[in-house]
Amino acid sequence: MVRSATVGAGVGAGAGALTGLVTGRGVLHGAVVGAGAGAGVGVIRSSQIMRRHPILKNAATGGVAGLGLGLAAGGHGTGFAGAGVGSAIGLGYGLYRYLK
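Residues numbered from 1 in each chain as written. Predicted model: local features only at pLDDT ≥ 70, side-chain atom pairs only at ≥ 80, totals over all residues. Heavy atoms only, no water.

Caption draft 1: Broad picture of the overall build of the protein chain. Assigned secondary structure in the protein chain consists of five helices and zero strands. Helices (α) and strands (β) of the protein chain occur, in sequence order from the N terminus, as α-α-α-α-α. Relative to the 2.2 N^0.38 estimate, which gives 13 Å for 100 residues, the radius of gyration of the protein chain is 13 Å and therefore close to what a compact globule would have. Reported as C-alpha extents along the three principal axes, the dimensions of the protein chain are approximately 40 × 30 × 15 Å. Sequence-distant contacts, at least 24 apart, represent 57% of the contacts inside the protein chain between residues at least 6 apart. Total accessible area computed for the protein chain in this model is approximately 5,700 Å², and 71% of it derives from carbon and sulfur atoms. (Helix = DSSP H or I, 4+ residues; strand = E, 2+ residues; numbered from the N terminus. Rg over C-alpha atoms; globule rule 2.2 N^0.38 Å. Contact = heavy atoms within 4.5 Å. Areas by Shrake-Rupley, 256 points an atom, 1.4 Å probe, with all protein chains shown as cover.)

Structure (structure tokens):
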């Protein structure tokens, strides 16, 4: 789980830095927020409990990823909107993939 969180933090830091650069919020700000969100995604994806609930795992992953990108791009309102959109996309993907 620590390895997954570390890899997720690295990927999230890169995505957050790019998002912060594009939106003008700052590369370091985006990298820090992205690292936190990426670590959260890594923990969710490697959790034994979430492996038993794949639809919920996809919804939670989408929510945390959307929250991280939203916070890196803007303020709290953008972060919560991103979390909602990410959760909806993750839930839709999980339902499509596992309820065929």
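Caption draft 2: Up close: the packing of helix α1 (residues 2–23) against helix α2 (residues 27–46). Running from N to C, α1 and α2 cross one another at 145°; their axes reach a closest spacing of 5 Å. The hand of the α1/α2 crossing is right-handed. Residues Ser-4, Ala-5, Gly-8, Ala-9, Gly-12, Ala-13, Gly-16, Ala-17 and Leu-21 of α1 touch α2, and the partners they reach there are Val-27, Gly-30, Ala-31, Gly-34, Ala-35, Gly-38, Ala-39, Gly-42, Val-43 and Ser-46. Taken together, the residues that form the contact of α1 with α2 break down as ten nonpolar, nine polar and no charged. (Axes fitted to C-alpha atoms, helices over the stretch in contact; angles between N-to-C directions. Left-handed = near helix turned anticlockwise from the far one by under 90°. Nonpolar A, V, L, I, M, F, W, Y, C, P; charged D, E, K, R; others polar.)

Caption draft 3: Molecular detail of the environment of Ala-72. If you trace the backbone, Ala-72 turns up in helix α4 (residues 54–73). Considering only alpha carbons, one finds Ala-72 and Ile-55, 17 residues apart in sequence, at a separation of 26 Å. Those residues within four positions of Ala-72 in sequence are excluded, and the remaining contacts are Gly-16, Thr-19, Gly-20, Thr-23, Arg-25, His-29, Gly-30 and Val-33.

Caption draft 4: Up close: a nonpolar patch on the surface. On the surface, a cluster of nonpolar side chains totalling about 410 Å² of accessible area is made up of Leu-18, Leu-21, Val-22 and Val-27. Per-element tally for the nonpolar patch: the top contributor is α1, with three residues. Its location among the elements puts Val-22 in helix α1. By relative accessible area, which is 66% here, Val-22 ends up exposed. (Patch = residues over 30% accessible without salt bridge, like charges linked within 9 Å, V, L, I, M, F, W, Y side chains within 5 Å. Salt bridge = Lys/Arg side-chain N within 4 Å of Asp/Glu carboxyl O. Buried < 20%, exposed > 50% of the residue type's maximum accessible area, 1.4 Å probe, protein only.)

Caption draft 5: Local environment of α2. Between its first and last C-alpha atoms α2 spans 28 Å; for 20 residues at 1.5 Å apiece the expected length is 28 Å, and the two agree. Those residues of α2 that sit buried are Gly-30, Ala-31, Gly-34, Ala-37, Gly-38, Val-41, Gly-42, Ile-44 and Ser-46. Each buried residue of α2 lies within a common arc of 165° when the element is viewed along its axis, so the set occupies one face. Residues of α2 that are exposed and angled more than 90 degrees away from the buried face: Leu-28 and Val-32. Where α2 is buried, its residues touch α1, α3 (48–51) and α4. (Expected span 1.5 Å × (residues − 1). Arc of directions from axis to C-beta.)

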